[in-house]
Structures are given as C-alpha cells and as structure tokens.
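Commentary on secondary and tertiary structure
Each chain is listed here by its residues.
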Amino acid sequence: MRLRIAEDLSLPIEAVTEKLGFLGRTGSGKTYAAQKLAEEMHRAGAQFIALDPVGKWWSLRLSADGKTPALPIPVFGGLHGDIPLESGAGKLMADLVVDRGISAVIDVSQFASAHQKARFMTEFGNRFFFRKKASPSAVHLFIEEAQEFVPQNPQRDEALMLHAWTRIQKLGRNFGIGSSLLSQRPQEVNKKVLNLTEVLFVFQLTG
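Attention in this report is confined to the structure presented alongside it. What you see is a predicted model, and the numbers here were worked out from it, not measured in a lab. Counting of residues starts from 1 at the beginning of each chain's written sequence and follows it residue by residue. Where totals are concerned, whole chains, interfaces and linings use all residues; where local detail is concerned, this predicted model gives features only for residues with pLDDT of at least 70, and gives and counts side-chain atom pairs only at 80 or more. Only hydrogens and water are removed before side-chain values are computed, so all heavy atoms of the structure are retained for them.

**Looking at the overall build of the protein chain**
Under the convention used in this document: Only DSSP runs of H or I reaching four residues or more are called helices, and only runs of E reaching two or more are called strands; each is numbered from the N terminus. Radius of gyration here uses only the C-alpha atoms, and the compact-globule reference equals 2.2 Å multiplied by the residue count raised to the power 0.38. Each residue is assigned to one of three classes by its accessible area relative to the maximum for its type, calculated with a 1.4 Å probe on protein chains only: buried under 20%, partly exposed between the two thresholds, exposed over 50%. Contacts: residue pairs with any heavy atoms within 4.5 Å of one another.
The secondary structure content of the protein chain amounts to 5 helices and 9 strands. Going residue by residue from the N terminus, the α and β elements of the protein chain occur as β-β-β-α-β-β-α-β-α-β-α-β-α-β. Computed over C-alpha atoms, the radius of gyration of the protein chain comes to 16 Å, within 12% of the 17 Å expected from 2.2 N^0.38 for 207 residues, which places it in the range of a compact globule. Dimensions of the protein chain, computed from C-alpha atoms along their principal axes, come out at roughly 45 × 40 × 35 Å. Looking at the protein chain as a whole, 50% of its 207 residues qualify as buried. Relative to all contacts within the protein chain whose residues are 6 or more apart in sequence, the contacts with residues 24 or more apart total 75%.

Have a look at this one:
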C-alpha cells in the first residue's frame, strides 16, 4: 500500500514508523502536506497522533470546504477540542491513546504558560515511550512547530521535555514509533533530533 501525498508523490506504508521532517516558512505548505500524509495513514488503518502547540490540526475533522466532516478523530485540548486538557494529564493521555489504539489530535495551544506545556509534554512523552516499549506497534507522531518540544536552546523548564522527546526520536523506531517534525524555524530545532530525520521535505525557506 502507498501513502499518496500528491499525484506524483507517494510513500510506502513503512513510512509510518520512519522519521520524517517538513521544513518551510509560514504558508509554504508544510502543514498541509503533513496533514495529507496523516489522512493517508488513517485511510490505510495506521494510528497517528498529532501534537499541536498552535491549534491547527483540529481541521483534520473537516473537508476542504470547511463544512463537510472528514476524519472522525477526537481532538483533546485547544479551542476546538472535545474536552480540555490539564497540564497534569500527560500520563493519562498517553495511556488513553496506547490502550485504545486511536488516532487523535492533542492540542496544547491553550496552556497558559510554557511551564504547563513542558510538564504535559514531558509526562506524555515519557509514559508513551515506556508503554510502547512494553507493547510495540506502529504509530506515527506529527510534531507541529517542533522547536516548541525539542528546542535548540532549552530553558530550565524545558530540559526534561527535550530529553524525553530526544529519546523517542533516537530509540522509538525500535518499538514502532515514527515521527514527522514540522518547523518554520529549523535553526531553533535541536540539531541532535533534526539530524535523525530519514526523509526531509523542504518547502520555501528564508534562511
């Protein structure tokens, strides 16, 4: 089975467990392309999780006309979520998506502080990794604005989060975890993480 991103571009189903990157300035199409890939993974019956700090990915539930329903997936958190997120719910959310094997959007855009976001993502990342390590299966993580989770220059509250997500990038494929890093500012994405990318989609960049 092929994952068709465009008429003349498709990826093998094995891309679900590979490490991809989508780089490009705002409006260049990187999120659109990544969302198309997510739709194709869903069509193929593969699990994906979108981690969203800006509140874009809920739109997967709508077709191109903005009205017709599209993917029937839950959205946790954000302005369009089915239920709100609490900063201390990272472990709970990891257990939920692993136990039920569901595709979902986890929208952390409405956390009031960077500390709350870092706490949630650290706990989610650690629990998710160890749950998948104990019971491997194919799943793809779409990490929107990746510099928010794997920063090149982490602040004090972000060091543990960076460690958790660096480990997922380094070792996750052994347990079926693939990922897509999305960023408009690749210079701010941790280079140890970005350099692990196996396939890179480069759109318009200004530097």
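**Focus on the packing of aromatic side chains**
Aromatic rings considered in pairs are described by the distance between their centres and by the relative angle of their planes. Stated formally: Centres within 6.5 Å are what make two rings of Phe, Tyr or Trp a pair, Trp counting through its six-membered ring; a difference in plane orientation under 30 degrees is then read as stacked, over 60 as edge-to-face, and the rest as tilted.
Counted under the stated rule, the structure contains 9 aromatic pairs. With centroids separated by 5.6 Å and ring planes inclined at 50°, the aromatic side chains of Phe111 and Phe120 adopt a geometry described as tilted. Phe111 sits in the buried class, given a relative accessible area of 14%. Three or more aromatic residues link up through ring pairs in this structure, and these residues are Phe111, Phe120, Phe124, Phe128 and Trp165.

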